Amino acid sequence: MQAVILCGGLGTRLREETEFKPKPMVTIGPHPILWHIMKHYGYHGIKDFVLCLGYKGNDIRDYFLNYHIRRNDMAVELSNGSIEALASDSNSELAVDWRVVLADTGDETQTGQRIRRVLKYVRGDTFLATYGDGVADVDIDAVVAHHRQQGKLATVTAVHPSSRFGEMQVKSGLVSSFIEKPQVSEGWVNGGFFVFEKRAFDHLDPFDDSIQLERDVLERLAKQGQLAVYNHEGFWQCMDTYREMQLLNEMWAQGNARWKRW
């Protein structure tokens, strides 16, 4: 099965970083968040990816086109441009056997149309999809199994978002515990990590760049009774703001990257 990843947005709420690079290339530790997302899929056996490029898409192209070169010592013959790999980086974490389609879906195209445009690269009727700016410890195998069991056109992973405020437990007028910005225990939001049947996109106008995944695809599927939900109780964190980027980097630096399974 293939995973389609949305990589084309402007990332305006993280302008400190996205002024210079697309949001999926903003780093957690030494690696782009996109790499972390793909490593998570790879852990579940998904090694075939279709990336929907848009804003500053060439930065993502360059990253993957030079992935092998960056992790090896190289010799370059300037007379003819030939390149010889001399030694491989011993970092097994960077060793991957992915196939990556880099598809330009337009600078200002909305998410629903981006996915529709890359369906020509998706083999088979069923595929995975997610956003290029969030990490989680979602069990991809369980999501796929749930999708097949429900027999709907799409499945969305529901998650508990992080609270904007510290959570307090109060007893007898005293605070007995305080947790800074925890994940809330009530309420569900769209956490991405979808499973789709291609037919879910049949109704879309191929010339309408304004088609959004949430408004024009998911809402329609929900009204038709064709949108199943997989409830994920574990870790999930998006990277919409500079503070969220700092949070994820702190977790990585402290060896507490709760999304890391590889």
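Before any of the text, the structure's been laid out above.
Rules used in this analysis
Residues numbered from 1 in each chain as written. Predicted model: local features only at pLDDT ≥ 70, side-chain atom pairs only at ≥ 80, totals over all residues. Heavy atoms only, no water. Helix = DSSP H or I, 4+ residues; strand = E, 2+ residues; numbered from the N terminus. Rg over C-alpha atoms; globule rule 2.2 N^0.38 Å. Buried < 20%, exposed > 50% of the residue type's maximum accessible area, 1.4 Å probe, protein only. Contact = heavy atoms within 4.5 Å. Salt bridge = Lys/Arg side-chain N within 4 Å of Asp/Glu carboxyl O. Phe/Tyr/Trp six-rings, centres within 6.5 Å; stacked < 30°, edge-to-face > 60°. Core = buried A, V, L, I, M, F, W, Y, C linked by side-chain atoms within 4.5 Å. Patch = residues over 30% accessible without salt bridge, like charges linked within 9 Å, V, L, I, M, F, W, Y side chains within 5 Å. Areas by Shrake-Rupley, 256 points an atom, 1.4 Å probe, with all protein chains shown as cover.

Glancing now at the overall build of the chain. In terms of regular secondary structure, the chain is built from eight helices and 16 strands. Computed over its C-alpha atoms, the radius of gyration of the chain comes to 20 Å, within 12% of the 18 Å expected for a compact globule of 262 residues. Projected onto the principal axes, the alpha-carbon positions of the chain cover approximately 80 × 45 × 35 Å. Sorting the 262 residues of the chain into buried and exposed places 45% on the buried side.

Here the phi dihedral of Lys 56 falls at roughly 50°; this positive angle occurs in a residue that is not glycine. Tracing the backbone through its elements, the reader meets Lys 56 in the loop between β4 (48-53) and α3 (57-65). Here Phe 193, not a glycine, exhibits a phi torsion of approximately 50°, which is positive. On the secondary structure map, Phe 193 appears in the loop between β13 (189-190) and β14 (194-197).

Here we come to helix α5 (residues 111-118). Among all positions of α5, only Gly 112, Gln 113, Arg 114, Ile 115 and Val 118 are buried. Tucked inside the fold, the buried residues of α5 contact β1 (2-7), β4, β7 (99-104), β8 (126-131) and α7 (213-223).

Moving on to the pattern of salt bridges. A complete count under the given rule lists twelve salt bridges for this structure. Put simply, Asp 240 and Arg 13 hold a salt bridge, and the shortest N to O gap is 3.3 Å. Taken together, the residues span a long stretch of sequence, with Asp 240 in the loop between β16 (236-238) and α8 (242-253) and Arg 13 in the loop between β1 and α1 (15-18) at a distance of 227 residues. Since its relative accessible area comes to 17%, Asp 240 is described here as buried. Arg 13 sits in the exposed class, given a relative accessible area of 60%. Its salt-bridge partner being Asp 133, residue Lys 23 comes within 2.9 Å of it at the nearest N-O pair. Of the two residues, Lys 23 sits in the loop between α1 and β2 (27-28) while Asp 133 sits in the loop between β8 and β9 (134-136), which places them 110 residues apart along the sequence. Across the pair, exposure class does not vary: Lys 23 and Asp 133 are buried alike. Within the structure, one salt-bridge network assembled from shared partners comprises Arg 13, Lys 23, Asp 133 and Asp 240.

The next point concerns the packing of aromatic side chains. Within a pair of aromatic rings, the relevant descriptors are the distance that separates the centres and the angle that separates the planes. The final tally for this structure, using the stated rule, is 13 aromatic pairs. With a centroid separation of 5.0 Å and an interplanar angle of 85°, the aromatic rings of Tyr 63 and Phe 64 are classed as edge-to-face. Comparing Tyr 63 with Phe 64 shows no difference in burial state: the two are buried. On the basis of an interplanar angle of 25° and a centroid distance of 5.3 Å, the ring pair of Phe 194 and Phe 196 is categorised as stacked. An identical accessibility class is assigned to Phe 194 and Phe 196; each is buried. Among the aromatic residues, ring-to-ring pairing joins Phe 127, Tyr 131, Phe 194, Phe 196 and Phe 201 into one connected group.

Below, the discussion takes up the nonpolar core. Tyr 41, Phe 49, Leu 51 and Trp 259 are the most contacted members of the largest nonpolar core, which has 44 residues in total. Elements with a minimum of two residues in this core: β1, α2 (33-43), β4, α3, β9, α6 (140-150), β16 and α8. By residue number, the principal contributor to this core is α2, which donates six residues. Those residues in contact with Tyr 41 that lie beyond four places of it in its chain are Ala 3, Ile 46, Phe 49, Leu 128, Ala 129, Thr 130, Ile 140 and Phe 193. In this structure, Val 101, Val 118, Leu 213 and Leu 218 belong to the second largest nonpolar core, which totals 26 residues.

Nonpolar side chains collect at one region of the surface, where Ile 69, Val 76, Leu 78 and Ile 83 lie side by side and expose about 400 Å² of accessible area between them. As for its placement among the helices and strands, Val 76 is situated in strand β5 (residues 72-77).

Tracing the sequence through the fold places His 147 in helix α6. What makes His 147 buried here is its relative accessible area of 3%. In this structure, His 147 is in contact with Thr 126, Lys 152, Leu 153, Ala 154, Thr 155, Val 195 and Glu 197, ignoring residues within four places of it in sequence.

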